Amino acid sequence: TVDPAAVYAARKFVMTTLATELRADLEATVAANSAAKYSNEPADRAARTLKNACIGYLSYLDAPEIAAMTYERFAAADNMTDKISCLSALSGKDCPERVTALDEFYAAWKHDPLVMNKWLGIQSGSSLPNNIANVKALMKSSAFDIKNPNKVYSLIGGLCGS
């Protein structure tokens, strides 16, 4: 049988080790692939994908400067890809930047039900301890509607996938 806790621990170990050993390269790749302005050209999309993957790896480090950098990138993002990537990277960190980014994202997008599905899913998929309490609180949020299957899938599906 598969032990989900062992799989999670092994994945976290590998990701943290890679981020630790390759930190300088990951940071350099983020810097080299950061555009001043959004472009939908294939090369720019590829650079954004690579940059955001590197930010995802860096998020495994317990380094306040990484959380600060990720939040700065979240706040400055001029496209949803970068916003969501940074929000996802912060979602598993117990830091003030996480709370601020989630609050700001909600304030900016609460009018858009589809974007709120992402907001719910990112939070419910967090690897933070006691995330079930967070999911229960989100079930009481105005962004959640138990009668809407997409909301249920976003919130409960995110939890199940974490």
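Values in this document were obtained by computation on a predicted structure and should not be read as measured data.

**Q** Any details on the side chain of Glu 97? Residues and values, ideally.
**A** Mapped onto the secondary structure, Glu 97 falls in helix α6 (residues 96-109). For the buried Glu 97, no salt bridge is present, and the opposite-charge side chain at shortest range is Lys 93, 8.7 Å distant. Non-local contacts of Glu 97, meaning those with residues more than four positions away in its chain, are made with Pro 64, Ala 67, Ala 68, Tyr 71 and Leu 90.

**Q** Run through unusual backbone geometry, naming residues and quoting values.
**A** Of note in this structure, Asn 130 is not a glycine but carries a positive phi near 60°. In this fold, Asn 130 is placed in the loop between α7 (113-124) and α8 (131-138). Taking relative accessible area as the criterion, Asn 130 reaches 67% and is therefore assigned exposed.

**Q** Provide a residue-level description of the pattern of salt bridges, including the pertinent values.
**A** Summed over all chains, the structure comprises 3 salt bridges. Close ionic contact of Arg 23 with Glu 27 constitutes a salt bridge, the shortest N to O distance being 3.1 Å. Here Arg 23 and its partner Glu 27 are both found in helix α2 (residues 23-32), 4 residues apart, which amounts to about one turn of the helix. Salt bridges here are not isolated pairs; linked through shared partners, they connect Arg 23, Glu 27 and Glu 65.

**Q** Describe the packing of aromatic side chains, with residues and values.
**A** On inspection of all chains with the given rule, the structure shows 4 aromatic pairs. Taking the centre distance of 6.5 Å and the plane angle of 45° together, the rings of Phe 74 and Phe 105 count as tilted. With a gap of 31 residues between them, Phe 74 in helix α4 (residues 64-76) and Phe 105 in helix α6 connect regions that are remote in the sequence. Taken as a pair, Phe 74 and Phe 105 share a single burial class, namely buried. Here the aromatic rings of Phe 105 and Trp 109 are separated by 6.5 Å at their centres, their planes lie at 35°, and the arrangement is tilted. Of this pair, Phe 105 and Trp 109 both sit in helix α6, 4 residues apart, roughly one helical turn. For Phe 105, a relative accessible area of 1% translates into the label buried.

**Q** Explain helix α5 (residues 80-91) to me, and be specific about the residues and the numbers.
**A** At 3.6 residues per turn, the α-helix brings residues three or four places apart onto the same side. With 12 residues, α5 should cover 16 Å at 1.5 Å per step; its first-to-last C-alpha distance of 16 Å lies within 8% of that length. Inspection of α5 places Asp 82, Lys 83, Ile 84, Cys 86, Leu 87, Ala 89, Leu 90 and Ser 91 among the buried residues, and these make up the whole buried set. A distance of 3.2 Å separates the backbone nitrogen of Thr 81 from a side-chain oxygen at the start of α5, and that oxygen is part of Asn 79.

**Q** Can you break down α7 residue by residue, with the values?
**A** With 12 residues, α7 extends 16 Å from end C-alpha to end C-alpha; this agrees with the ideal 16 Å at 1.5 Å per step. Those residues of α7 that fall on the buried side of the exposure criterion are Val 115, Met 116, Asn 117, Trp 119, Leu 120, Ile 122, Gln 123 and Ser 124. On the buried face of α7, the contacting elements are α5, α6, α8 and α9 (149-161). Put simply, Asp 112 is the residue that caps the front of α7, since its side-chain oxygen is 3.1 Å from the backbone nitrogen of Leu 114.

**Q** Outline the packing of α5 against α6, supporting the account with residue identities and numerical values.
**A** At their nearest, the axes of α5 and α6 sit 9 Å apart, and the two run at 145° to each other. The hand of the α5/α6 crossing is left-handed. Note on element contacts: α6 touches α5 through Glu 97, Arg 98, Ala 101, Leu 102, Phe 105 and Trp 109, opposite Met 80, Lys 83, Ile 84, Leu 87, Leu 90 and Ser 91. Along the lines of polarity and charge, the residues of the contact of α5 with α6 split into 8 nonpolar, 1 polar and 3 charged.

Analysis parameters
In every chain, residue numbers begin from 1 and rise along the written sequence. At least 70 in pLDDT is required for a residue's local features to be given in this predicted model, at least 80 for side-chain atom pairs to be given and counted, and no such filter applies to totals for whole chains, interfaces and linings, which use all residues. Values reported for side chains reflect all heavy atoms of the structure, with hydrogen atoms and water molecules removed beforehand. A run of H or I in DSSP becomes a helix once it reaches four residues, and a run of E becomes a strand once it reaches two; helices and strands are each numbered from the N terminus. Classification of residues uses two cut-offs on accessible area relative to the type maximum, computed with a 1.4 Å probe and protein chains only: under 20% is buried, over 50% is exposed, and between them is partly exposed. Here Asp and Glu are counted as negative and Lys and Arg as positive; His is not counted, and neither are the chain ends. What counts as a salt bridge is simple: a side-chain nitrogen of Lys or Arg found within 4 Å of a carboxyl oxygen of Asp or Glu. Note on definitions: a residue-residue contact is assigned when non-hydrogen atoms from the two residues lie within 4.5 Å. Working definition: a ring pair exists when centres of Phe, Tyr or Trp rings (six-membered ring for Trp) sit within 6.5 Å. Plane angles under 30 degrees give stacked, over 60 give edge-to-face, the rest tilted. Multiplying 1.5 Å by the helix residue count minus one yields the expected span of that helix. Distance and chemistry together define a polar contact, namely a pair of N or O atoms within 3.5 Å, with one atom able to donate a hydrogen and the other to accept it when in protein, and with adjacent residues in sequence counting only for side-chain atoms on both sides. Note on definitions: angles span 0 to 180 degrees between N-to-C directions of axes, and those axes are lines fitted to C-alpha atoms, for helices only across the stretch in contact. Each crossing gets its handedness from the near helix: less than a right angle anticlockwise from the far helix is left-handed, clockwise is right-handed. Amino acids are sorted into nonpolar (Ala, Val, Leu, Ile, Met, Phe, Trp, Tyr, Cys and Pro), charged (Asp, Glu, Lys and Arg) and polar (every other residue, Gly among them).

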